[in-house]
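Overview (structure and organization)
Given next are the chains, with one letter for each unit.
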Amino acid sequence: MAEVHVFGRVTNDLQLKMSHKQVPYVSFGLVEWIGRRDTGHRQYFEVWAWGTDALSLADADIRKDSRIWVQGFLELVDCTRNGGSERDKRLKLSLTGWQLKPPRTERRPARKQSPGAARPPLPPVEVVDGDRERLPE
């Protein structure tokens, strides 16, 4: 499985459910825009969260169109559509972390740094020659 970080919008309201083993879980769709405005496309994920992650998502009152950052493991799974008549693949993301993305605000102009306020120099980087010196343990 691949670990991914995705910024996107929630495609449906979250509903907290209980598994047959009495573990709370939520699943929701997430759409991410990939590429430029004129040549990009949407990428859809099905996000699954269990236990405390599911409870914290439900408590955060996340709704359709909320902007969210998620982290998790990605897996391509088989699924059926149209009552089982069509077989398809779907990207399933098993959630390991998340954070709400604040609403977009007006961009502030970048601060110009005055010439007298130069940054302090970085410390020198220690270089080890592995052919002639013993490498640190």
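For the chain, the helix and strand inventory stands at 1 helix and 6 strands. Counting from the amino terminus, the chain carries its helices and strands in the arrangement β-β-β-β-α-β-β. Per-residue burial for the chain yields a buried fraction of 25% across its 137 residues. Of the contacts formed within the chain by residues at least 6 apart in sequence, a portion of 54% connects residues at least 24 apart. By element, 50% of the accessible surface of the chain is carried by carbon and sulfur atoms, the whole surface being about 11,400 Å².

On to the pairing of strand β3 (residues 24–34). For β3, a buried count of 8 out of 11 residues is recorded, marking the element as mostly surrounded by other parts of the structure. Taken together, the 2 bridges between strand β1 (residues 2–10) and β3 define a ladder with antiparallel strand orientation. Its bridge partner being in β3, V10 is matched across the sheet by L30. Pairing of strand β2 (residues 17–18) with β3 involves 2 bridges; the strand directions are antiparallel.

With that settled, consider the side chain of S94. By the secondary structure assignment, S94 is in strand β6 (residues 86–100). In this structure, S94 is in contact with W48, W50, Q71, G72 and F73, ignoring residues within four places of it in sequence.

This model, assessed by the stated rule, comprises 2 aromatic pairs. Between Y25 and W48, the ring centres sit 5.8 Å apart and the planes meet at 20 degrees, which makes this aromatic pair stacked. In this pair, Y25 is assigned in strand β3 and W48 in strand β4 (residues 41–50), connecting sequence segments 23 residues apart. Ring centres of W48 and W50 lie 6.1 Å apart, and the angle between their planes is 20 degrees; on these two criteria the pair is classed as stacked. Grouping aromatic residues by their ring pairs yields a cluster made of Y25, W48 and W50. The cationic tip of K92 hangs over the ring face of W48; the distance from NZ or CZ to the ring centre is 5.6 Å.

Turning our eyes to something else, we now look at the environment of E32. Of note, E32 is situated in strand β3. C-alpha of E32 to C-alpha of F7: the two residues are 25 residues apart in sequence and 6.3 Å apart in space. Beyond its immediate chain neighbours, meaning those up to four positions away, E32 contacts V6, F7, G8, H41, R42, Q43 and F45.

The rules we used
- Residues numbered from 1 in each chain as written.
- Predicted model: local features only at pLDDT ≥ 70, side-chain atom pairs only at ≥ 80, totals over all residues.
- Heavy atoms only, no water.
- Helix = DSSP H or I, 4+ residues; strand = E, 2+ residues; numbered from the N terminus.
- Buried < 20%, exposed > 50% of the residue type's maximum accessible area, 1.4 Å probe, protein only.
- Contact = heavy atoms within 4.5 Å.
- Areas by Shrake-Rupley, 256 points an atom, 1.4 Å probe, with all protein chains shown as cover.
- Pairing = 2+ DSSP bridges.
- Phe/Tyr/Trp six-rings, centres within 6.5 Å; stacked < 30°, edge-to-face > 60°.
- Lys NZ or Arg CZ within 6 Å of the ring centre and 35° of its normal.

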